[in-house]
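These are the residues of each chain, in order.
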Amino acid sequence: MVNKGLDDCLVLYPMSVWNETMDKLQRKNQFVQKNRDFIRLFTNGAAPITLDGNGRVLLPKRLMEKTGLSKDLTLVTSLDRVEIWDRVRYEQWLENSNVDMAALAEAVMGSEDEA
């Protein structure tokens, strides 16, 4: 399954991961506006992936247009999914992400099994 990511990229999900994500969303209270908004926006445009006769992945044109993907792409692993970025946009993101990796690692991973 492919869907627009939270950043300017597409995200390719294995069906097992997509189904787990949909199960989580299904458990959200539909009477809460932010839940409905998120579900509606998150699932908008999601599409199954098909292969052409040569075994190539066919990405939906509307999703490519939404994320500004060109024909020159970069694939980035992201745990249990793959992000599909426009190569230039991804390189710009890397250059402009003024993130202190050491501080980010401590904030995200620092409390995990502290010794």
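Novice: Teacher, can you tell me more about a positive patch on the surface here?
Specialist: Taken together, the side chains of Lys-24, Arg-27, Lys-28 and Lys-34 define a basic patch exposed on the protein surface. On the secondary structure map, Lys-28 appears in the loop between helix 1 (15–26) and helix 2 (33–43).

Novice: Please clarify how helix 1 should be interpreted in this entry.
Specialist: Since the α-helix packs 3.6 residues into each turn, any two residues three or four apart lie on the same face. Taking 1.5 Å as the rise per residue, helix 1 with 12 residues should run 16 Å; its terminal C-alpha atoms sit 16 Å apart, in good agreement. If you check which residues of helix 1 are buried, you get Val-17, Trp-18, Thr-21 and Leu-25. With its buried residues spanning 100° around the axis, helix 1 presents them on a single face. Close packing links the buried residues of helix 1 with strand 1 (2–4), helix 2 and strand 6 (81–86).

Novice: How should I be thinking about the packing of aromatic side chains in this particular structure?
Specialist: A ring pair, where both rings are aromatic, is described by two values, the distance of the centres and the angle of the planes. A complete count under the given rule lists 6 aromatic pairs for this structure. Among the aromatic residues, ring-to-ring pairing joins Tyr-13, Trp-18, Phe-38 and Phe-42 into one connected group.

Parameters at a glance
- Residues numbered from 1 in each chain as written.
- Predicted model: local features only at pLDDT ≥ 70, side-chain atom pairs only at ≥ 80, totals over all residues.
- Heavy atoms only, no water.
- Patch = residues over 30% accessible without salt bridge, like charges linked within 9 Å, V, L, I, M, F, W, Y side chains within 5 Å.
- Areas by Shrake-Rupley, 256 points an atom, 1.4 Å probe, with all protein chains shown as cover.
- Salt bridge = Lys/Arg side-chain N within 4 Å of Asp/Glu carboxyl O.
- Lys, Arg positive; Asp, Glu negative; His and termini not counted.
- Charge placed at Lys NZ, Arg CZ, Asp CG, Glu CD.
- Helix = DSSP H or I, 4+ residues; strand = E, 2+ residues; numbered from the N terminus.
- Expected span 1.5 Å × (residues − 1).
- Buried < 20%, exposed > 50% of the residue type's maximum accessible area, 1.4 Å probe, protein only.
- Arc of directions from axis to C-beta.
- Contact = heavy atoms within 4.5 Å.
- Phe/Tyr/Trp six-rings, centres within 6.5 Å; stacked < 30°, edge-to-face > 60°.

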